[in-house]
Amino acid sequence: MFLNTPELIDQHWPAARELLEPVVSQAARGEFTTEDLHGLLVERRAHAVVVFSDGLAHLAMVFEFRLYPRKQVINVMAVGGHDLTGAAVSFWPEFVAWAKESGTDEIEACTAPAMTRVLRHLGFTHTYDIVRLACH
């Protein structure tokens, strides 16, 4: 389910936040909090999908569209949940088809090396390494 109206965001964000919190607190490097993600959804600068099974949220994903001069991509900002393997089989092909219909050329994600290895099973390939220098 896409959380694409204020009512759907209000209704389902608590379940999404619960699934995303471990990812944001353990894998992200201070780029955002779950509150920031919620704000981006409300401002329509990001989008969220929640996958339900038997009435329970099993997967949540927040993503944004990025427009490069020659490509439109979806940047997966955060994804978390239970039974990600099952969701990969059922949800991922549908999401990729939707992305293609939406004019997306590629889907990208900034991940740790371990997650990069996991995502290879979904067809992702290593493209860039991200390096940072603290300026404080």
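Remember, predicted model here, so these are calculated numbers, not experimental data.

Right, let's talk about the sheet that holds strand β4 (residues 106-109) for a bit. If you walk across this open sheet you meet the 4 strands as β1-β2-β3-β4, and the pairing is mixed. Every interior strand has two partners, whereas the edge strands, β1 (47-53) and β4, have only one. Across the sheet, the mean angle from the axis of one strand to that of its neighbour is 30 degrees, orientation sign disregarded. Where β1 lies against strand β2 (residues 56-67), 7 bridges are found, and the strand directions are antiparallel. Note on β2: the bridge partner recorded for H47 is F63.

This brings us to the nonpolar core. Within the largest apolar cluster, 19 residues are counted, with the highest numbers of intra-cluster contacts made by W13, L20, L37, V62 and M77. Only α1 (6-26), α2 (34-42), β1, β2 and β3 (72-81) provide two or more residues apiece to this core. It is α1 that provides the largest number of residues to this core, a total of 6 residues. Look past the residues within four positions of L37 in its chain and what remains in contact with it is W13, L20, V24, F32, V62, M77 and A78. Core analysis: the second largest hydrophobic core is formed by 15 residues, I74, V76, A99 and I107 among them.

Cut-offs and rules
Residues numbered from 1 in each chain as written. Predicted model: local features only at pLDDT ≥ 70, side-chain atom pairs only at ≥ 80, totals over all residues. Heavy atoms only, no water. Pairing = 2+ DSSP bridges. Helix = DSSP H or I, 4+ residues; strand = E, 2+ residues; numbered from the N terminus. Axes fitted to C-alpha atoms, helices over the stretch in contact; angles between N-to-C directions. Core = buried A, V, L, I, M, F, W, Y, C linked by side-chain atoms within 4.5 Å. Buried < 20%, exposed > 50% of the residue type's maximum accessible area, 1.4 Å probe, protein only. Contact = heavy atoms within 4.5 Å.

Shape is all these values report; function is a separate question.
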